[in-house]
Amino acid sequence: MPEPAWSPAFACPECGSTLVAAAQPGAPSGPLICRSCDREVGCSGGILRFLSPTRLAEIDPLIAQYRRVREQDGYRGHGAAYYQALPQVDRADPQRGVWRIRQESFRHLCNRVLRRLGHRSLRVLDLGAGNGWLSHRLTLLGYVCVALDWLDDPDDGLGAARHYPTPFIRLQADFDHLPLVAGQFDAVIFNASLHYAANPIATLRSATTALMDGGALVVMDSPVFDRDADGQLMLADRQRGFTGRIGRPVDWGAGYLTLDGLVRTAAEAGLMLRRIPTRGRPEWAFKRWLAGRKLRRQPASFGIWSFGRRAT
C-alpha cells in the first residue's frame, strides 16, 4: 500500500511533547520517539502503537468480548471484496439492516457535512474506525484520513486495511488521550463509536482540540435518546441478551448518548449543533417502532450530529 500524502504531527502520550520520526522524517510507517522523555512509539503491521502494555492489559477483556460478539453477529472473516464494498453488503448479510443505516448516514456525512467545508482534500480523523471502511471510502473521494481505534484485529479492526487499495494512517490509541498535536483536522468523526466512551460528553469536548478553525466535529450512528431512562432500559435489555449469549458481559462505556448532553456540550463549547437523522427504510422504522412498543421505551435514534466551529 502506498504512503499517504500527509501525516499529522503526533504528541507523546506521556508528556505531550511533539514526537519525531526515529528514522525517516515524515514517514508514518516507522517508529516515533519523544526527545523530552525518551518514550518510543512503535509501528508494526503499518499501525502506530500508542497504547502502553499496561493499557492493553486493562482493555484486553473488553476487546476479547467485542471480538466474540462480533463474530457471532457475522462481522468477521470476509474477503477483500466485502470490505471494499462497505457500507454496501449483500442481501444475505446478517447485518444488512445495520449497514443500510451506515450507508444512509455516510451519504448525509458526505453531502451535508463534508462538502460544506469547502475544499476537496479535507483532513479527517476517523475515531472508532473499526475495519477502516469509512477512511477507505473518504480516501477514495480525495480526503486524507487518519483512522484510530483500540482494535488492531485483521478481520474487524485496523488490520483489515490490508484489504484496501487506499492509503490512510492507522493509530492504535485511546479516544480520551489523542496522540495528536492540536488543530490539524478539518473534520473529526466519531464513527458509530462515541457511546463506547466512559464519559461521552467529556470525550466529545476533548476531541474539539483536534479541529482547525472552521472545522466540524461529527457524531455518527451512536444511539441517542431523548430521556436517560430510555437509555437505561436499552442497556438492561442488552445486558440480558448478552448474558444469554456470552455469560456475564464486561461493562464497556456509557452505551448511549442523550439529546440533553449533546445540546449542553454544544452550548458550553460555543459550537453550532445540527442534527441530520437517519430514518432507514420503512420496514426498519416499523420494526423499531414495534420494538419500542413491546419494550415500553423509546427506540434509539441514529444519524449525524454535526458540531461546527466558527472560523476565527
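Residues numbered from 1 in each chain as written. Predicted model: local features only at pLDDT ≥ 70, side-chain atom pairs only at ≥ 80, totals over all residues. Heavy atoms only, no water.

1. Examining the overall build of the protein
(1) Moving on: Scanning the protein from terminus to terminus reveals eight helices and 13 strands.
(2) Moving on: For 312 residues, the compact-globule estimate of 2.2 N^0.38 gives 20 Å, and the C-alpha radius of gyration of the protein, at 19 Å, lies within 12% of that figure.
(3) Moving on: If you line up the protein on its principal axes, its C-alpha atoms span 60 × 45 × 35 Å.
(4) Moving on: Burial analysis of the protein (312 residues in total) assigns 49% to the buried set.
(5) Moving on: Sequence-distant contacts, at least 24 apart, represent 70% of the contacts inside the protein between residues at least 6 apart.
(6) Moving on: In the form shown here, the protein has an accessible surface area of approximately 14,700 Å², with 51% of it arising from carbon and sulfur atoms. (Helix = DSSP H or I, 4+ residues; strand = E, 2+ residues; numbered from the N terminus. Rg over C-alpha atoms; globule rule 2.2 N^0.38 Å. Buried < 20%, exposed > 50% of the residue type's maximum accessible area, 1.4 Å probe, protein only. Contact = heavy atoms within 4.5 Å. Areas by Shrake-Rupley, 256 points an atom, 1.4 Å probe, with all protein chains shown as cover.)

2. Let's talk about the pattern of salt bridges
Any two side chains of opposite charge can pair, on the condition that their charged atoms come close.
(1) Moving on: The final tally for this structure, using the stated rule, is 15 salt bridges.
(2) Moving on: The partner of Asp152 in a salt bridge is Arg67, and the shortest N-O contact between them spans 3.6 Å. Of this pair, Asp152 sits in the loop between β6 (144–149) and β7 (169–172) while Arg67 sits in helix α1 (residues 53–72), placing them 85 residues apart in sequence.
(3) Moving on: For Asp152, a relative accessible area of 26% corresponds to the partly exposed category.
(4) Moving on: Residue Arg67 is classed as partly exposed on the basis of its relative accessible area of 27%.
(5) Moving on: In this structure, Asp155 engages Arg162 in a salt bridge whose closest nitrogen and oxygen atoms are separated by 3.9 Å.
(6) Moving on: When its relative accessible area of 19% is taken as the criterion, Asp155 is described as buried.
(7) Moving on: A network of salt bridges, in which partner residues are shared, links Arg49, Arg67, Arg76, Asp152, Asp153, Asp155 and Arg162. (Salt bridge = Lys/Arg side-chain N within 4 Å of Asp/Glu carboxyl O.)

3. Thoughts on the packing of aromatic side chains
(1) Moving on: Evaluated as defined, the whole model comprises 10 aromatic pairs.
(2) Moving on: Ring geometry for Phe10 versus Phe50: centroids 5.7 Å apart, planes at 40 degrees, classification tilted. Within this pair, whereas Phe10 is found in the segment before β1 (20–21), its partner Phe50 is found in the loop between β4 (47–49) and α1, the two being separated by 40 residues in sequence.
(3) Moving on: Taking the relative accessible area as the measure of exposure, Phe10 reaches 4% and is therefore buried.
(4) Moving on: Exposure remark for Phe50: the relative accessible area of 5% places this residue in the buried category.
(5) Moving on: Centroid distance Trp99 to Trp133: 5.8 Å. Interplanar angle 85 degrees. Geometry classified as edge-to-face. Of the two residues, Trp99 sits in helix α3 (residues 96–114) while Trp133 sits in helix α4 (residues 133–140), which places them 34 residues apart along the sequence. In this pair, the class of Trp99 matches that of Trp133, namely buried.
(6) Moving on: Through a chain of ring-to-ring contacts, the aromatic side chains of Tyr75, Trp99, Phe106 and Trp133 assemble into a single cluster.
(7) Moving on: Stacked on the ring of Tyr75, the Lys or Arg Arg70 has its end atom at 3.6 Å from the ring centre. (Phe/Tyr/Trp six-rings, centres within 6.5 Å; stacked < 30°, edge-to-face > 60°. Lys NZ or Arg CZ within 6 Å of the ring centre and 35° of its normal.)

4. Concerning the sheet that holds β6
(1) Moving on: Strand order across the open sheet formed by 11 strands is β1-β2-β3-β4-β7-β6-β5-β8-β9-β13-β12, with mixed pairing between neighbours. Both outer strands of the open sheet, β1 and β12 (272–278), are each paired with one neighbouring strand and no more.
(2) Moving on: In the packing of α4 onto the sheet, the strands contacted are β5 (123–127), β6, β8 (185–191) and β9 (211–220), and the crossing angle to β6 comes to about 175 degrees.
(3) Moving on: Across the sheet, helix α7 (residues 259–269) is in contact with β12 and β13 (302–308); its angle to β13 comes to roughly 15 degrees. (Pairing = 2+ DSSP bridges. Axes fitted to C-alpha atoms, helices over the stretch in contact; angles between N-to-C directions.)

5. A look at the side chain of Ser222
(1) Moving on: Inspection of the secondary structure puts Ser222 in the loop between β9 and β10 (224–225).
(2) Moving on: Residue class for Ser222 comes out buried when judged on its relative accessible area of 3%.
(3) Moving on: Of note is the side chain of Ser222, whose polar atom sits 3.4 Å from the backbone nitrogen of Leu194.
(4) Moving on: Engagement of the side chain of Ser222 in a polar contact is seen with the side chain of His195, the distance being 2.7 Å. (Polar contact = N/O pair within 3.5 Å; in protein donor to acceptor, adjacent residues only side chain to side chain.)

6. Observations concerning the environment of Pro299
(1) Moving on: Residue position: Pro299 is located in the loop between α8 (282–295) and β13.
(2) Moving on: Given the relative accessible area of 26%, Pro299 is considered partly exposed.
(3) Moving on: Counting along the chain gives 73 residues from Pro299 to Asp226, while the straight-line C-alpha distance between them is 9.7 Å.

7. Quick notes on the pairing of β13
(1) Moving on: In terms of burial, β13 is largely enclosed, as six of its seven residues are buried.
(2) Moving on: Pairing geometry for β9 and β13, over five bridges, is antiparallel. Within β13, the residue paired with Val218 across the bridge is Ser306.
(3) Moving on: Inspection of the sheet shows β12 paired to β13 by seven bridges, in the antiparallel sense. Its bridge partner lying in β13, Ile276 is registered against Ile304.

8. Details of α7
Given 3.6 residues to a turn, an α-helix orients residues that are three or four positions apart in the same direction.
(1) Moving on: If you check which residues of α7 are buried, you get Gly261, Leu262, Thr265 and Ala266. The arc enclosing the buried residues of α7, seen along the axis, measures out at 130 degrees, which places them on a common side. Exposed residues on α7 whose side chains face more than 90 degrees from its buried face are Ala267 and Glu268.
(2) Moving on: Its buried side turned inward, α7 meets α5 (200–207), β10, β11 (257–258), β12 and β13. (Arc of directions from axis to C-beta.)

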